[in-house]
Amino acid sequence: MRLDVFSIFPEYLAALDLSLVGKAAKSGLLDVRVHDLRDWTHDRHRTVDDTPSGGGAGMVMKPEPWGEALDAVAPVDGPAQPRLIVPTPAGRPFSQELAYELAAEPWLAFACGRYEGIDARVAEYAGERMRVDEVSIGDYVLNGGEVAVLVMVEAVARLLPGVIGNPESLAEESHSGDGLLEYPVYTKPTSWRGHDVPDVLLSGNHALIAQWRHDQAVRRTAERRPDLLAAWGGVVAGKDDAAA
Ligand SMILES: N#Cc1c(-c2ccc3ccn(Cc4cccnc4)c3c2)n[nH]c1N
């Protein structure tokens, strides 16, 4: 998978060189290219913003640098086009489902906006030749798209074959597709500062352990994300389990 990221703070994306994503890039599973949007400005101040049409507070990102950047990185007459992801508070919610969808794409491009956002014509223009998704990572307000891109790239990259050591672990994670939050996890020592690992996990009885983990997942989901439990609609082991 090729990933192109456009930002006026390219150094913000240095985190992509670290850990899981960095290893995937070094191993060739990912081809990560970060671009400074100001490389496509032509004035001495390298201007990327201007006042909002119609008035209002703040500044808006000018369309010209974005148009030139997209044309340079994904030429109109090129052999392929990326799927363009534009983080915005006004976007469709990012989800594990969307992460799986994006993980199947051969080429993703991410447009990191700043100020009050990117001139809307950029998405319109890009949409004439590539799929464009305006996406939000949550119902809170950030100052720009870079953090959202780091979130989305990590969520997508870890789904790529060969990126994480134990792909089986993906199936048991929160939001993994069974609709439940992940059960609590423990490791050694079995007793730590007066807190013990639940006995069932030391029993060696895999059926009991599986049932306990399922029950804990249902309990947690009922406590923390009742919205997911409703959607899950699964059979709760016992009528009081969810509340236990
Ligand atoms: N994804 C995502 C986001 C963003 C986000 C993403 C891109 C930009 C570009 C500029 N801002 C500042 C800004 C602030 C207020 C109104 N409009 C824009 C961004 C915020 N905020 N919250 C999210 N979940």
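Parameters at a glance
Residues numbered from 1 in each chain as written. Predicted model: local features only at pLDDT ≥ 70, side-chain atom pairs only at ≥ 80, totals over all residues. Heavy atoms only, no water. pLDDT = per-residue confidence, 0-100. Contact = heavy atoms within 4.5 Å. Pairing = 2+ DSSP bridges. Helix = DSSP H or I, 4+ residues; strand = E, 2+ residues; numbered from the N terminus. Axes fitted to C-alpha atoms, helices over the stretch in contact; angles between N-to-C directions. Buried < 20%, exposed > 50% of the residue type's maximum accessible area, 1.4 Å probe, protein only. Patch = residues over 30% accessible without salt bridge, like charges linked within 9 Å, V, L, I, M, F, W, Y side chains within 5 Å. Areas by Shrake-Rupley, 256 points an atom, 1.4 Å probe, with all protein chains shown as cover. Salt bridge = Lys/Arg side-chain N within 4 Å of Asp/Glu carboxyl O.

Trainee: I keep staring at the confidence of the model for the protein chain and nothing clicks. Help me out?
Mentor: Any region with low pLDDT has predicted coordinates that should not be read closely. Considering every residue of the protein chain, the mean pLDDT works out to 93; 93% of them sit at 70 or more. Under a pLDDT of 50 for its full length, residues 237-244 has, in the predicted model, twelve contacts with residues more than four places off or in other chains.

Trainee: What am I meant to see in the sheet that holds strand S5 (residues 83-93) here?
Mentor: Think of a sheet as strands paired side by side through backbone hydrogen bonds, with each pair either parallel or antiparallel. With parallel pairing, the five strands of this open sheet are ordered in space as S2-S1-S6-S5-S7. Each of the sheet's edge strands pairs with one partner strand only, and the pair in question is strand S2 (31-36) and strand S7 (132-136). Strand-to-strand twist of the sheet, defined as the mean angle between neighbouring strand axes without regard to direction, takes the value 30°. Sheet topology note: the S5/strand S6 (residues 107-111) ladder contains three bridges and is parallel.

Trainee: Honestly, unusual backbone geometry in this entry has me stumped. Any pointers?
Mentor: Note on backbone geometry: most residues besides glycine have negative phi, and most peptide bonds are trans. In this chain, Lys-188 is followed by Pro-189 through a cis amide linkage whose omega measures 5°. Position of Pro-189 among the secondary structure elements: in the loop between helix H5 (146-157) and strand S8 (191-192). Of note, the phi angle at Ser-19 is positive, near 50°, even though the residue is not glycine. Relative to the elements of secondary structure, Ser-19 occurs in helix H1 (residues 19-26). Residue classification places Ser-19 among the exposed positions, given a relative accessible area of 57%. We note that Arg-193 has phi near 50°; this positive angle belongs to a residue other than glycine. As for its position among the elements, Arg-193 is in the loop between S8 and strand S9 (195-196).

Trainee: What should I look at first to understand a nonpolar patch on the surface in this one?
Mentor: On the surface, Phe-9, Tyr-12, Tyr-140, Leu-142, Val-147 and Val-151 cluster together to form a nonpolar patch covering roughly 480 Å² of accessible area. Given the relative accessible area of 37%, Tyr-12 is considered partly exposed.

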